[in-house]
Amino acid sequence: MKKNNSLAESPDGLVYTARLPLSSATLNWLADLIRGHLKKIGSRWRALPAGKIAGIVLAVLRCDQRPGDLAGGNGIHRTTVTRWVREVVGLLATRAPRLDRALKKIARKGGGVVLLDGSLIRTRRRTGMANRKNYSGKHKCHGLLVIALTDDKGRLIWVSAARPGRTSEITACRHGKLTAHLRAAGLGAIADLGFVGLDDSGPDADPAVITGYKAARNRPLTRGQKLSNKALAAVRAPVEHGFAHLKNWRVLGKVRTDPKWATTLVRALLVLTNREVAR
């Protein structure tokens, strides 16, 4: 009897289809953006049409699919998928709103306050002295700190540059001169106790950042201060929803790429998040 030792599948592996939990409007908008970019740079040919490229990029960002897996299923090389992802992410990041313009837009609509918060984006642990600054003692892991602003309904309007995980939230805000931009737009920000001390204006000036009361070892909170903290917590709850929408993009589960590229990635995801939420 002749033995058959051939593989059950092809050398390239099996191919399967999966559902992408995004709207077709987002896919079509991104495809049109890619077509416009290709026309602008005069690119006459790509291995796949713009709609297919948009689907591949969204699969990488939303589901954290490996470029090598998507490349094998579409008959292209892994480096091609990586190049497409970086190209599209760069296009999206240029459409992210600037801080001053985002605040002026809120002011024109009649808004009086924005919601302020920070979040840690986990990164892959790397060896060497250069990675020590990314370790967050608060979260006990390596990551990058991102500051975000939302409106009173929790819609993201701006995200900061990604900074090392050991950076405090107050330091990150001062790097971006957040309080100065808030005063220039005539807005206030509601934040949690992690931002106590950010607004160091005089006692006669209107506060640009509103926080609750922090208890001390020898100075417990009064009943009125506790009620004030509870009211502020209820008002700033929507900012958590904004971060939840942003972190639905699973590529942010643990950033495996260069941390310097994380700022571009987060701002690109901000644009896509607003497209999905506003549809």
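Residues numbered from 1 in each chain as written. Predicted model: local features only at pLDDT ≥ 70, side-chain atom pairs only at ≥ 80, totals over all residues. Heavy atoms only, no water.

Trainee: Could you give an account of the layout of surface pockets, naming the residues involved and the relevant values?
Mentor: Approximately 610 Å³ is the volume attributed to the largest pocket. Around the largest pocket, the lining is made up of 19 residues, and of these Tyr-16, Thr-17, Ala-18, Leu-70 and Asn-74 lie nearest the centre. Broken down by class, the residue content of the lining of the largest pocket amounts to ten nonpolar, six polar and three charged. When its volume is computed, the second largest pocket comes out at roughly 490 Å³. Along its surface, the second largest pocket is lined by 19 residues, and Lys-105, Ile-106, Lys-109, Asp-151 and Ile-157 are the ones closest to its centre. Looking at the lining of the second largest pocket, the elements that each hand over two or more residues are helix 5 (99–108), strand 4 (156–159) and helix 10 (262–278). The greatest single-element share of the lining of the second largest pocket, amounting to four residues, is contributed by helix 5. Its residues assigned to classes, the lining of the second largest pocket comprises eight nonpolar, four polar and seven charged. (1 Å grid on protein atoms, 1.4 Å probe; cavity = no way out; pocket = protein on both sides within 12 Å on 5 of 7 lines; lining within 4 Å. Points joined across faces, edges and corners; volume = space filled by probe spheres on them. Nonpolar A, V, L, I, M, F, W, Y, C, P; charged D, E, K, R; others polar. Helix = DSSP H or I, 4+ residues; strand = E, 2+ residues; numbered from the N terminus.)

Trainee: For the side chain of Asp-151, give the residues involved together with the corresponding values.
Mentor: Along the chain, Asp-151 turns up in the loop between strand 3 (141–150) and strand 4. From its side chain, Asp-151 meets the backbone nitrogen of Arg-155 in a polar contact 2.8 Å long. In contact with Asp-151, other than residues within four places in its own chain, are Ile-106, Leu-115 and Ile-157. (Polar contact = N/O pair within 3.5 Å; in protein donor to acceptor, adjacent residues only side chain to side chain. Contact = heavy atoms within 4.5 Å.)

Trainee: Give me the lowdown on the pattern of salt bridges, citing residues and values where you can.
Mentor: If the charged atoms of two oppositely charged side chains come close together, the side chains can form a pair. Per the stated rule, a full pass over the model turns up nine salt bridges. A salt bridge links Arg-236 to Asp-117; the shortest N-O distance between them is 3.1 Å. With Arg-236 in the loop between helix 8 (223–235) and helix 9 (238–246) and Asp-117 in strand 1 (residues 113–122), the pair connects residues that are 119 residues apart, well separated along the chain. Note on Arg-236: relative accessible area 11%, which makes it buried. Taking the shortest distance from any N to any O, the salt bridge between Arg-236 and Glu-240 comes out at 3.5 Å. By relative accessible area, which is 38% here, Glu-240 ends up partly exposed. What you see here is one network of salt bridges that share partners, running through Asp-117, Asp-192, Arg-236 and Glu-240. (Salt bridge = Lys/Arg side-chain N within 4 Å of Asp/Glu carboxyl O. Buried < 20%, exposed > 50% of the residue type's maximum accessible area, 1.4 Å probe, protein only.)

Trainee: Describe helix 9, and please don't skip the residues or the numbers.
Mentor: Restricting attention to buried positions, one finds in helix 9 the residues Pro-238, Val-239, Gly-242, Phe-243 and Leu-246. Projected onto a plane normal to the axis of helix 9, the buried residues spread over an arc of 150 degrees and lie on a single side. Where helix 9 is buried, its residues touch strand 1, strand 3, strand 4, helix 8 and helix 10. (Arc of directions from axis to C-beta.)

Trainee: So what's going on with the environment of Val-255? Residues and values would help.
Mentor: You can see Val-255 is positioned in the loop between helix 9 and helix 10. Along the chain, Val-255 and Ile-121 lie 134 residues apart, while their C-alpha atoms are 7.4 Å from each other. Residues within four places of Val-255 in sequence aside, it is in contact with Ile-121, Arg-122, Thr-123 and Arg-124.

Trainee: So what's going on with helix 10? Residues and values would help.
Mentor: For helix 10, which comprises 17 residues, the first-to-last C-alpha distance of 24 Å matches the rise-based estimate of 24 Å (1.5 Å per residue) to within 8%. Those residues of helix 10 that fall on the buried side of the exposure criterion are Ala-262, Thr-263, Leu-265, Val-266, Ala-268, Leu-269, Leu-270, Val-271, Leu-272, Thr-273 and Glu-276. (Expected span 1.5 Å × (residues − 1).)

Trainee: Any chance you could break down the packing of aromatic side chains for me, citing the residues and the numbers?
Mentor: Summed over the entire model, instances satisfying the criterion amount to zero aromatic pairs. Above the face of the Trp-261 ring, Arg-86 is positioned so that its terminal group lies 4.4 Å from the ring centre. (Phe/Tyr/Trp six-rings, centres within 6.5 Å; stacked < 30°, edge-to-face > 60°. Lys NZ or Arg CZ within 6 Å of the ring centre and 35° of its normal.)

Trainee: Please set out the confidence of the model for the chain residue by residue, giving values where relevant.
Mentor: The predicted model of the chain has a mean per-residue pLDDT of 88, with 93% of residues at 70 or higher. Contacts from residues 4–10, a stretch scored under 50 in pLDDT, to residues over four places away or in other chains number one contact. (pLDDT = per-residue confidence, 0-100.)

Trainee: Go over empty space enclosed by the protein with me, naming the residues and quoting the values.
Mentor: In total, this model carries two cavities of 30 Å³ or more according to the counting rule given. Lining the largest cavity are Gly-154, Arg-155, Leu-156, Gly-242, His-245, Thr-273, Asn-274 and Val-277. When residues of the lining of the largest cavity are traced back to their parent elements, those giving at least two are helix 9 and helix 10. Among the elements that take part in the lining of the largest cavity, helix 10 stands out by supplying three residues, more than any other. Of the volumes computed, that of the second largest cavity is approximately 30 Å³. Together, Ile-34, His-37, Leu-38, Arg-46, Ile-53, Glu-87 and Val-88 line the second largest cavity. Going through the elements one at a time, helix 1 (24–41) and helix 4 (78–93) are the ones with two or more residues in the lining of the second largest cavity. Among the residues forming the lining of the second largest cavity, the class breakdown is four nonpolar, one polar and two charged.

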